[in-house]
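Structural overview for review
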There are 6 protein chains.
Amino acid sequence: MREDALLYNMGNRRVVVFRKEHFNAAHRLNNPRWSLAENKKIFGLCNNEHYHGHNYELIVQVTGEIDPDTGYLIDMKILSDLIKDEVLNKFDHKNLNLDVAAFENLNPTAENIAIVIYDLLRNKLKASLELKIRLYETERNFVEYPA
Amino acid sequence: MREDALLYNMGNRRVVVFRKEHFNAAHRLNNPRWSLAENKKIFGLCNNEHYHGHNYELIVQVTGEIDPDTGYLIDMKILSDLIKDEVLNKFDHKNLNLDVAAFENLNPTAENIAIVIYDLLRNKLKASLELKIRLYETERNFVEYPA
Amino acid sequence: MREDALLYNMGNRRVVVFRKEHFNAAHRLNNPRWSLAENKKIFGLCNNEHYHGHNYELIVQVTGEIDPDTGYLIDMKILSDLIKDEVLNKFDHKNLNLDVAAFENLNPTAENIAIVIYDLLRNKLKASLELKIRLYETERNFVEYPA
Amino acid sequence: MREDALLYNMGNRRVVVFRKEHFNAAHRLNNPRWSLAENKKIFGLCNNEHYHGHNYELIVQVTGEIDPDTGYLIDMKILSDLIKDEVLNKFDHKNLNLDVAAFENLNPTAENIAIVIYDLLRNKLKASLELKIRLYETERNFVEYPA
Amino acid sequence: MREDALLYNMGNRRVVVFRKEHFNAAHRLNNPRWSLAENKKIFGLCNNEHYHGHNYELIVQVTGEIDPDTGYLIDMKILSDLIKDEVLNKFDHKNLNLDVAAFENLNPTAENIAIVIYDLLRNKLKASLELKIRLYETERNFVEYPA
Amino acid sequence: MREDALLYNMGNRRVVVFRKEHFNAAHRLNNPRWSLAENKKIFGLCNNEHYHGHNYELIVQVTGEIDPDTGYLIDMKILSDLIKDEVLNKFDHKNLNLDVAAFENLNPTAENIAIVIYDLLRNKLKASLELKIRLYETERNFVEYPA
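The following refers to the structure shown. (Residues numbered from 1 in each chain as written. Chains lettered and ligands numbered in written order. Predicted model: local features only at pLDDT ≥ 70, side-chain atom pairs only at ≥ 80, totals over all residues. Heavy atoms only, no water.)

**A short note on the overall build of chain A**
Counting its secondary structure elements, chain A contains four helices and five strands. Taken over C-alpha atoms, the radius of gyration comes to 19 Å for chain A, far larger than the 15 Å a tight globule of 147 residues would show. Taking the principal axes of its C-alpha atoms as reference, chain A extends roughly 70 × 25 × 25 Å. In chain A, which comprises 147 residues, the share counted as buried stands at 61%. Total accessible area on chain A is roughly 6100 Å²; 51% of this is exposed by carbon and sulfur atoms. Side-chain charges in chain A split into 19 positive and 22 negative, and the spacing between the mean points of these groups amounts to 3 Å. (Helix = DSSP H or I, 4+ residues; strand = E, 2+ residues; numbered from the N terminus. Rg over C-alpha atoms; globule rule 2.2 N^0.38 Å. Buried < 20%, exposed > 50% of the residue type's maximum accessible area, 1.4 Å probe, protein only. Areas by Shrake-Rupley, 256 points an atom, 1.4 Å probe, with all protein chains shown as cover. Lys, Arg positive; Asp, Glu negative; His and termini not counted. Charge placed at Lys NZ, Arg CZ, Asp CG, Glu CD.)

The structure is reproduced here in structure tokens:
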């Protein structure tokens, strides 16, 4: 940018960037402290002991100030790689109940999955960046964390 | 969940859940206190006295704390049934102007439809849950209430 | 194109082009030779005497040989204008049963609407071009003509 | 329709109707006659012994002549109910390998699932109707049967 | 509306309306104060000196109080025309770096484009209306301003 | 598969598989044998000498017989890698007119791009497999080759 670019100072503008990724996983909703009958009543078909599955769509939302040298809030390639390392490599083509440590003792509802993803990414991002997770379990059921 | 599940306490986490539904309806935009000419000028084709119609896409957004026993904010089946009872059964395959009581004296713009849906659902939900309505009249025109 | 462009002769290649448009309309499914009870039984909610409505998505598909001078099968602007003149101006923001001549004696099912649109466009296109109509009444119900 | 409706004879027009449904299921790709190493090599992550899953989008396509009394090729409610009975009730929220008889000895690839769905629906439809199945395993991978 | 319409007072309800538009443009990400090697390292393929391009999807979000006479926050036709005049006519089918004054000295990242669009529209809207811009560069990369 | 799997012989079933990919590119429509005025008249904004751009969505469709050992027509990973090598690496984040050899003397309309992609992939696929290309220039303008 030439000198006069300074006339258009973007440096303290706060923006939000969104990166959409997806993973395919099996899961089963179950509370081991409940009877089978109670689990069937509360979770219905989602309690199927052989699991079922979803194409999860994940939108990672990051908020902060633009870097005036790049015009980026954060390089989308870096954000995408971070999501791959911290989330997709652990969740994609996996059984969430059996293959993902976080759900060993946690029911993999969309709400809980979103919170786990938030926690996985939160401490990898600079503290100055805000983070929000949106997770689509189906096109018609989705969640966001934090509120 | 086993005892050690308590280590991952989800109980006070606030999340948002979204449920997408749809209904097909006819409507006409008209202000009966105005002349026909004025209505045509303001509402254009939307003032057609024989009505026109839309596939409305409705997203109901509920915010609150996760129930640690289920991992749900609210059971999506219960939320979906509530929307069916309070909204879809009254609006789907209907003429909003002629068949829906709320629009007897209210112009069925997307903005007003969203507010009516909000009011229909608000007092059926626990006071601790926040509610927001997004309504797509077309893919390119949509509204949200409350702001 | 320079002389050597002739090496890549596109002139006799047959391609298909698709143009997507949309219109919003009210309609009612009804067979006037049947009793009200029979109409309710066959057409259900779609028989509502006050009409209901849809955002119809229309895809017009034209097949033929590329024009080697333009690299177009048909100029999409010309195709789009033709659809506007012959279809959208007659159907958009209209009541199909009351405002569109073709449905005076024809039940406006998606199948029949697609055929009417085909007939409206067919004799406006050169005979050397094949025509097919796809019409979405909703995201989940759609039709194509001819088979 | 009044007598003069006969002027617009739709009776021998062949049309195609499409009905979109979906189901969520777990599956694992595996050939039991191969070694684990060979299965890993061919099927990669899809061979995960704990299963993974998908939101399958299913489009059932039926071709035939319009019924001039209804203006329908086939009542979409009847088609939708048929798909529910024959496919969704067996596949939705299931583990295809463990819960669906057809895949006891058949690898549940998208191709094979589409063929099984075709076979389930084919003998429930009148012979005069043509049938085609499109199945989306993800937004980017989908199949059609028959070719 | 009849007198008793006053019973349903919409006048002080705050709503949000969204209008979706799109434009197709070429661009190149580049910081002229950096070396070519540094630009390649930071911007990768997006630094291609011959430009590349996108179908940008633009969602303009306006917040304020409903006008009780129309039931509109703002007439979508007026909002759409404003976006056409201020944004699409300048950006659509253009090279952002070469054809759009705002990017003469400003890197046309999605973040910066969103801010420029915000500034173009902000002073054309009444001060009582809040404005937010969402811009999709691809289906998977999008931004919002202000945060 | 066990011996009795032979009862469900899939071997001679012909199926179609589809793989969706995308690339972002700049282009300009122009016929160098015409005057600037004639080019402006025919190609309008698409003739902008500084180029404009698109997010092209590409669907590669392959037809043939299922391999009974895998249940695949073709491994989607292999098909995706082939598209990457032959098409995406040459087209993505490029200026089609300046960076892609095939368009040195060929106008990069959607029709011509689809044919070029077909030719690039055709001789890399076994002769027993049929190939078809669908290319979306925008959501509303798309083409298919061969017809």
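**Concerning helix α4 (residues 110-122) of chain F**
Structurally, the α-helix is built with 3.6 residues per turn, so residues lying three or four positions apart point the same way. Residues and elements named next belong to chain F. The first and last C-alpha atoms of α4 sit 18 Å apart over 13 residues, in line with the 18 Å expected at 1.5 Å per residue. Buried residues dominate α4, accounting for ten of its 13 residues. By the burial criterion, the buried members of α4 are Ala 110, Glu 111, Asn 112, Ile 113, Ala 114, Ile 115, Val 116, Ile 117, Tyr 118 and Leu 121. (Expected span 1.5 Å × (residues − 1).)

**Digging into the environment of Ala 127 of chain E**
One can find Ala 127 of chain E in the loop between α4 (110-122) and β4 (130-136). Measuring from C-alpha to C-alpha, the distance between Ala 127 of chain E and Asp 67 of chain E comes to 15 Å, with 60 residues separating the pair along the chain.

**Quick word on the relation of the copies chain A and chain E**
Once chain A has been moved 0.0 Å along the axis and rotated by 120°, it coincides with chain E to within an RMSD of 0.0 Å. Here the symmetry operator amounts to a three-fold rotation axis. (Least-squares fit on C-alpha atoms with pLDDT ≥ 70 in both.)

**Focus on the arrangement of the chains**
A gap remains between chain C and chain E, with no contact made and the closest C-alpha atoms lying 14 Å from each other. Regarding chain A and chain F, the two do not touch, and the least distance separating their C-alpha atoms is 14 Å. (Contact = heavy atoms within 4.5 Å.)

**A look at the packing of aromatic side chains**
With the rule as written, the count across this model stands at 48 aromatic pairs over all chains. Each ring, one from Tyr 136 of chain D and one from Phe 142 of chain D, has its centre 4.3 Å from the other, and the planes form 20°; the classification is stacked. Given a relative accessible area of 3%, Phe 142 of chain D falls into the buried group. Among the aromatic residues, those joined into a ring-pair cluster are Phe 23, Tyr 56, Phe 91 and Phe 103 of chain A. Stacked on the ring of Phe 18 of chain E, the Lys or Arg Arg 134 of chain B has its end atom at 4.5 Å from the ring centre. (Phe/Tyr/Trp six-rings, centres within 6.5 Å; stacked < 30°, edge-to-face > 60°. Lys NZ or Arg CZ within 6 Å of the ring centre and 35° of its normal.)

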